Amino acid sequence: AADETRAAVMFASLSIYIIVLFALAFLNPFLAAGSNTTSHPLYHRFRRQSSCSQLQYRCANGDCIPSYSVCDGSKECSDGSDETRAACTATKIRCPMLAFECAYGACIDREQKCDGKEDCADGSDEICTQPSTSCPERTFQCSNGECINQYSICDGVIDCTDKSDETRNLCKNLKCAASSFQCEYGACLEMSARCNNKQECHDGSDEAGCPTPKPTFTEQPLNPVNVGNSCILPQHPQNGFYVSSQCGAGDSRTACRNIPGTPVPDNWLLKYTCNANFDISSTESNEYSVCSKGEWKNPLDCIKLCPPLEAISMKIDCEYDGREVPCTKRMKPNTTASASCKQHYREIYLRQYSNLTCLENGDWSHRLFYCAPDCGVSIGVTILTPLIYHGSTTHQGEFPWLVGLYYMNDERKWEQRCSGTLITPHIVLTAAHCLVDETTGSLRDPENMKVGLGKYYRDYYKLENYSAIVGVREIVVPRFYSGRAAFFALDIGLIDLKTSIQVTAYIMPACVDWQATITINTGTTGYVAGWGATQNEAPSPTVLTTNLTYLDNGECIRSVRNAFQKLVTHDKFCGKSVENGGQVASGDSGGGLTIVEKGLHFVYGVVSTKITQETTISLFTDLSNIGHRS
């Protein structure tokens, strides 16, 4: 039925011209078969009427042509006035995405650009500059590298700071319409620019030789109106476009060009599409608008969307128009969002608002507040007691900050060799010697490392309910770290995980005394956990723990034999095991020593090295050392 309607409309409009041409042939028997019918005086008398219909465009010389013939690249008016910037501006022509816009504003098929044939009336489709490798599509690259709109060249206005968009070399081949004025260097302007006492050619040639100023001629805009049951195509939305749903690929009908101002029949359907980060203005996101009895039903626009709201530490609920919407997608204006901290996170700053609202400009009314993760909370059943070498067993969740560092071995299997301490949801503290290849002195490849969090079992391949395996994004060690050559001074490093981890009772950062407000003295008890070697010289399959006595740097030096004192570098403290107590061992490197302050575990040192001959002394890199805070 729709096809029949369109056929009827097309037939009705064409029948008038058929009748006239038939009359011409009847009245003038001298018309030869090969003659140009449109040159006959009666034809021009028919075109030049006192007034044009609402579906026609009136040329400057009085001719009437179909409105869809305006600014299509081909001159239909005998004076060429239908292919000028004034005509394209008055009819509010806006080219669709798949079209090429001539310099004066007409629309032609994009495939006709630089095809060796002038399809724009001014020939601007054959100004073929080399494609820019640095400017976006539909832009022109100035000689100095700047990018401007490709339709801003040869228009009389300098847009490039080096003036390369208005040069004789670039504009000399432009062909201006008969009703236009051509600047001396080639740019095309409206004829009204000539001698209007205002320089519009950048070289001033439009005002050259003008005896007296002429008033500016302003053409009245053609405001298309609905005719009968038909409609005219509206302007494309500012941040999107529409296409006519009835038109298939390659459809050459005028209405299928999607040019605003084009008449279309009743029941014509438009499908709207918005640019990225925009959406249809309809509440139900209905993307169609239909011509019904001369009016567009459900007129649409493209509105800016607010960005998604996502935070691993928060529970966020979003609502739009009385219904729940996903917060993980962009949202429409007037969407409201409420947020709260998840379990094991806490709000540490007082906020002045309860909900967030998506505003018309695509911004949220407030920024999401910050939920800080809990830290240093142990859910162990018993108070911490000795570990590792002669260590004691632990319970899952006693050391939720303990992580295992896994490396690919020669058999292409993941194997735990070092430990670390989670200090934020995505940062792990460890020893530099766990991150540097001792043979080459270079950093290990992050792709050949994995971090196990919340693990109780050492085995990488052991499935556990509360654990997670995460890849490594980046590793960092001090610039002047020299390893064994400098007795492992500055033995500290950081691992940035590829993803932030959800904090739970089984995966939680240790607290860090960022403000250095905690003071510990010799004799303070510290706690270490890991999978290090046991008295059987084999790695422990499960997490073991021990407690050690803290000795500051000076006391540590005095506690070891003179031959080994130089091994205690300036940034170390010692952990001394109690009689028959546990000790750190191979495999514990990089793990953290924590102290308990107000019931929370604060990491204070990193397992670094052990002096073999000093069986009760282990060396830790001191986090409070000023050299590590720079």
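Here is a short report on the structure shown in this document. These figures come from a predicted structure and were not determined experimentally. Note on numbering: residues in each chain are counted from 1, in written sequence order. Note on the predicted model: pLDDT of at least 70 is required for a residue's local features to be given, and 80 or more for side-chain atom pairs to be given and counted; whole-chain, interface and lining totals, by contrast, use all residues. Values shown for side chains rest on all heavy atoms present in the structure; no hydrogens or waters enter the calculation.

### Quick look at the overall build of the protein chain
Thinking step 1. The number of helices and strands found in the protein chain is five helices and 35 strands.
Thinking step 2. Remark: exposure states derive from per-residue accessible area (1.4 Å probe, protein chains only) relative to the maximum for the residue type, with buried under 20%, exposed over 50%, and partly exposed in between. When burial is assessed residue by residue, the protein chain has 45% of its 630 residues classed as buried.
Thinking step 3. A contact between two residues is defined here by any heavy atoms of the two lying within 4.5 Å. Looking at the protein chain alone, contacts between residues at least 24 apart form 55% of all its contacts between residues at least 6 apart.
Thinking step 4. The Shrake-Rupley method, run with a 1.4 Å probe sphere, supplies the accessible areas, and residue values consider only the shown protein chains as cover. For the protein chain, the accessible area works out to roughly 32600 Å², and carbon and sulfur atoms hold 52% of it. Each helix is a run of DSSP H or I of at least 4 residues and each strand a run of E of at least 2, with the numbering of both proceeding from the N terminus.

### What about the state of the cysteines?
One covalent bond between the sulfur atoms of two cysteine residues makes up a disulfide.
Thinking step 1. Cysteine sulfur atoms that pair up within 2.5 Å are treated as a disulfide. Going through the model one piece at a time under the given rule, you end up with 16 disulfides.
Thinking step 2. Disulfide pairing places Cys154 opposite Cys171 at an S-S distance of 2.1 Å. The disulfide joining Cys154 to Cys171 has a torsion of about -90° about its S-S bond and is therefore left-handed. Separated by 17 residues along the polypeptide, Cys154 in the loop between strand 6 (147-149) and helix 4 (168-171) and Cys171 in helix 4 bring together distant segments of the chain.

### Comments concerning empty space enclosed by the protein
Left-over empty space is what a probe sized like a water molecule reveals as it rolls over the atoms.
Thinking step 1. Every definition here rests on a 1 Å grid over the protein atoms only: cavities are sets of points where a 1.4 Å probe fits but cannot get out, pockets are open sets enclosed by protein on both sides within 12 Å along at least five of seven lines, and lining residues have some atom within 4 Å of a point. Grid points are joined across faces, edges and corners, and a volume is the space filled by probe spheres set on the points. Counted under the stated rule, the structure contains three cavities of 30 Å³ or more.
Thinking step 2. As for the largest cavity, its lining consists of 13 residues, and the residues nearest its centre are Gln396, Gly397, Phe399, Lys455 and Val543.
Thinking step 3. Counted as a void, the second largest cavity has a volume near 50 Å³.
Thinking step 4. Around the second largest cavity sit Phe399, Trp401, Leu402, Gly420, Thr421, Val528, Ala529, Gly591 and Gly592, which together line it.
Thinking step 5. Sorting the residues of the lining of the second largest cavity by element identifies strand 25 (414-424) and strand 30 (525-530) as the ones contributing at least two each.

### Structural notes on the side chain of Glu464
Thinking step 1. Inspection of the secondary structure assignment puts Glu464 in the loop between strand 27 (449-453) and strand 28 (468-476).
Thinking step 2. Take Glu464: its relative accessible area is 13%, and that puts it in the buried class.
Thinking step 3. Any pair of nitrogen or oxygen atoms within 3.5 Å is treated as a polar contact; in protein, a donor-acceptor pairing is required on top of that, and neighbouring residues in sequence qualify only through side-chain atoms on both sides. Of note is the side chain of Glu464, whose polar atom sits 3.3 Å from the backbone nitrogen of Tyr457.
Thinking step 4. Beyond its immediate sequence surroundings of up to four residues, Glu464 is in contact with Gln396, Gly454, Lys455, Tyr456 and Tyr457.

### Quick notes on the sheet that holds strand 27
Thinking step 1. Pairing between strands is defined by DSSP: at least two bridges between the two strands are required. Taken together, the six strands give a closed barrel; going around it, the order is 24-25-26-29-28-27, and neighbouring strands pair in antiparallel fashion. This sheet shows a mean twist of 45° between the axes of neighbouring strands, independent of strand direction. Note on definitions: angles span 0 to 180 degrees between N-to-C directions of axes, and those axes are lines fitted to C-alpha atoms, for helices only across the stretch in contact.

### Thoughts on the sheet that holds strand 10 (residues 240-244)
Thinking step 1. Strand order across the open sheet formed by four strands is 10-12-14-15, with antiparallel pairing between neighbours. If you trace the sheet from one side to the other, it starts and ends with strand 10 and strand 15 (295-297), each paired once. Put simply, the sheet's adjacent strands are angled 30° from each other on average, direction ignored.
Thinking step 2. When strand 14 (residues 288-292) meets strand 15, the two strands line up antiparallel, connected through three bridges. Looking across to strand 15, one finds that Cys291 is bridged to Trp296.

### Describing the packing of aromatic side chains
Thinking step 1. Working definition: a ring pair exists when centres of Phe, Tyr or Trp rings (six-membered ring for Trp) sit within 6.5 Å. Plane angles under 30 degrees give stacked, over 60 give edge-to-face, the rest tilted. This model, assessed by the stated rule, comprises eleven aromatic pairs.
Thinking step 2. Summarising the aromatic geometry, the rings of Tyr550 and Tyr604 are spaced 6.2 Å apart at their centres and angled 90° between planes, so their arrangement reads as edge-to-face. Residue Tyr550 is found in strand 31 (residues 544-551), and its partner Tyr604 is found in strand 34 (residues 600-610); the two are separated by 54 residues along the sequence.
Thinking step 3. Of the residues examined, Tyr550 reaches a relative accessible area of 8% and is grouped as buried.
Thinking step 4. One aromatic cluster is present, built from ring pairs that chain together Tyr406, Trp414, Tyr460 and Tyr461.
Thinking step 5. When the NZ atom of lysine or the CZ atom of arginine is within 6 Å of a ring's centre and also within 35 degrees of its normal, the charge is said to sit over that ring. Arg351 extends its terminal NZ or CZ atom over the ring of Tyr353, reaching a point 5.9 Å from the ring centre.
Thinking step 6. Directly above the aromatic system of Tyr457 lies the positively charged group of Lys462, at a separation of 4.9 Å from the ring centroid.

Purely geometric stuff here, so don't read any function into it on its own.
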